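Breakdown of the fold
The chain contents come next:
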Amino acid sequence: MQRQLLPGTAIELVHPFPHRRPRAAVFDFDGTLSLIRGGWTDLMVGMMYESLGPLARADESPEQLQARIRAYVLSLNGAPTILQMERFAKEIRDRGGHAEPAPVYHQEYLRRLGVKITERKTALMERRCVEDDLTVPGTRTLLQLLVDRGVELTLASGTEIEFVREEAALLKIADFFEGRIFAPGSQPHAFAKKRVMEELLLRHGDRGTGVIGVGDVQVETRAMSDLGGLPIGVACDEQHRSGVTDEAKRPQLIEAGAAVIVPDYRHAAEFVEHLWGRPEA
């Protein structure tokens, strides 16, 4: 089936959305706005394969096992990271191995990821790169366009709160959210993006109408779809920032209910005009 694109852009309109002009928007962080943690998936899958590779079944190739790991990592993407580590520990036990407590794996993952993050933050602080080099293209333009039209912006991430706050400030986008930044804290299991969305909808006095959700994984996309809002799926080519839709992310986002698929925000102005050009419901 031929894809329906917004004219002159790579923005895919998956199906019609009879929503009013948005009054509020909730954004994911990593892969949706920030690329400071770009490549985290390969790093996590590689770490897990180190333990699960020796436990592979006789009829299971390395490629099949890696694909299995990647599938459950991505299925939990957007939720607190500890849940991915709990799933990893369960996989070890199910295969007859000895699993450490999930927090042990969590700390090791953060240590490995921290090496890459530190390199990127250092490059930014030393001005060997600029903020826009480490964001999804068009991020600042989109946020400013929405704020200029009176849209209340909220940030909800599965990454730990201290990192989200620090990195949003480093990228100079924290001010767009005016303190409305939510992520797992000292009790990660108590955090859920859907709960943040529900509270947002309650505060605006309706159930979905006029609220959009922007994210790159199934968790937030499905949550916004379930709540009756407008889910926008971000299928960004994080490595090359090419403006081409990531074909691995796209079907997952559509399956989760995305009404729109964008590769990035370089056509933010056209998309915002499309939203505001629709008649009020």
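Quick note: structure is the one above.
Below or above, wherever it landed, is the structure these notes cover. (Residues numbered from 1 in each chain as written. Predicted model: local features only at pLDDT ≥ 70, side-chain atom pairs only at ≥ 80, totals over all residues. Heavy atoms only, no water.)

Here we look at helix α3 (residues 81-94)
Here α3 is 14 residues long and its end C-alpha atoms lie 20 Å apart, about the 20 Å a rise of 1.5 Å per residue gives. Those residues of α3 lying buried are T81, I82, Q84, M85, F88, A89, E91 and I92. As for α3, its buried residues are in contact with α1 (40-52), α2 (62-75) and α4 (102-125). Looking at the residues trailing α3, positive phi occurs at G96, about 90°. (Helix = DSSP H or I, 4+ residues; strand = E, 2+ residues; numbered from the N terminus. Expected span 1.5 Å × (residues − 1). Buried < 20%, exposed > 50% of the residue type's maximum accessible area, 1.4 Å probe, protein only. Contact = heavy atoms within 4.5 Å.)

What to know about the sheet that holds strand β4 (residues 181-182)
The strand order across the open sheet built from 7 strands is β1-β7-β6-β5-β2-β3-β4, with neighbouring strands paired in mixed fashion. Here the strands that pair on one side only, and so sit at the sheet edges, are β1 (12-13) and β4. Note: strand β2 (residues 24-27) against strand β3 (residues 152-156), 4 bridges, orientation parallel. Paired with V26 across the strands is T154, a residue of β3. (Pairing = 2+ DSSP bridges.)

Digging into the pattern of salt bridges
Under the counting rule described, the total for this entry stands at 28 salt bridges. Residue R95 is joined to E60 by a salt bridge in which the shortest nitrogen-to-oxygen separation is 2.8 Å. Of this pair, R95 sits in the loop between α3 and α4 while E60 sits in the loop between α1 and α2, placing them 35 residues apart in sequence. Here the two residues R95 and E60 agree in accessibility, since each one is buried. Among the ionic pairs, E91 bridges to R87, the shortest N-O distance being 2.8 Å. Residue E91 and its partner R87 are located together in helix α3, separated by 4 residues, close to a single helical turn. For R87, a relative accessible area of 23% puts it in the partly exposed group. Residues joined in a network through salt bridges with shared partners are D30, R37, K121, E166 and E167. (Salt bridge = Lys/Arg side-chain N within 4 Å of Asp/Glu carboxyl O.)

Quick notes on empty space enclosed by the protein
A complete count under the given rule lists 2 cavities of 30 Å³ or more for this structure. Space inside the largest cavity adds up to approximately 220 Å³. What lines the largest cavity is a set of 20 residues, and nearest its centre among them are D30, W40, N77, T81 and T159. Counting residues per element, the ones that place at least two in the lining of the largest cavity are α1, α3 and α4. Considering every element that reaches the lining of the largest cavity, the biggest residue donor is α4, with 3 residues. (1 Å grid on protein atoms, 1.4 Å probe; cavity = no way out; pocket = protein on both sides within 12 Å on 5 of 7 lines; lining within 4 Å. Points joined across faces, edges and corners; volume = space filled by probe spheres on them.)

Topic: the packing of aromatic side chains
Applying the stated criterion to the full structure yields 2 aromatic pairs. Taking 6.3 Å as the distance between ring centres and 75° as the angle between the ring planes, the aromatic pair formed by F27 and F177 counts as edge-to-face. Of the two residues, F27 is situated in strand β2 and F177 in the loop between α6 (161-170) and β4; the sequence distance between them amounts to 150 residues. On the accessibility criterion, F27 (0% relative accessible area) is buried. For F177, a relative accessible area of 0% puts it in the buried group. (Phe/Tyr/Trp six-rings, centres within 6.5 Å; stacked < 30°, edge-to-face > 60°.)

A closer look at helix α10 (residues 268-276)
If you check which residues of α10 are buried, you get A268, F271, V272, L275 and W276. Down the axis of α10, the smallest arc covering the buried residues is 130°, so these residues share one side. (Arc of directions from axis to C-beta.)

Overview of the layout of surface pockets
Considered as a void within the structure, the largest pocket measures approximately 630 Å³ in volume. Lining the largest pocket are 23 residues, and of these G39, T41, E238, D246 and K249 lie nearest its centre. Contributing elements (two or more residues each) for the lining of the largest pocket: α1, α2 and α9 (249-255). Ranked by the residues each element gives to the lining of the largest pocket, the list is headed by α1, at 3 residues. Here the residues of the lining of the largest pocket are counted per class, giving 7 nonpolar, 6 polar and 10 charged. (Nonpolar A, V, L, I, M, F, W, Y, C, P; charged D, E, K, R; others polar.)

Some details on the environment of H189
Within the secondary structure, H189 sits in the loop between β4 and α7 (193-203). Residues H189 and L55, 134 residues apart in the sequence, show an inter-C-alpha distance of 29 Å. Contacts of H189, omitting those with residues within four sequence positions, involve I82, L83 and E86.

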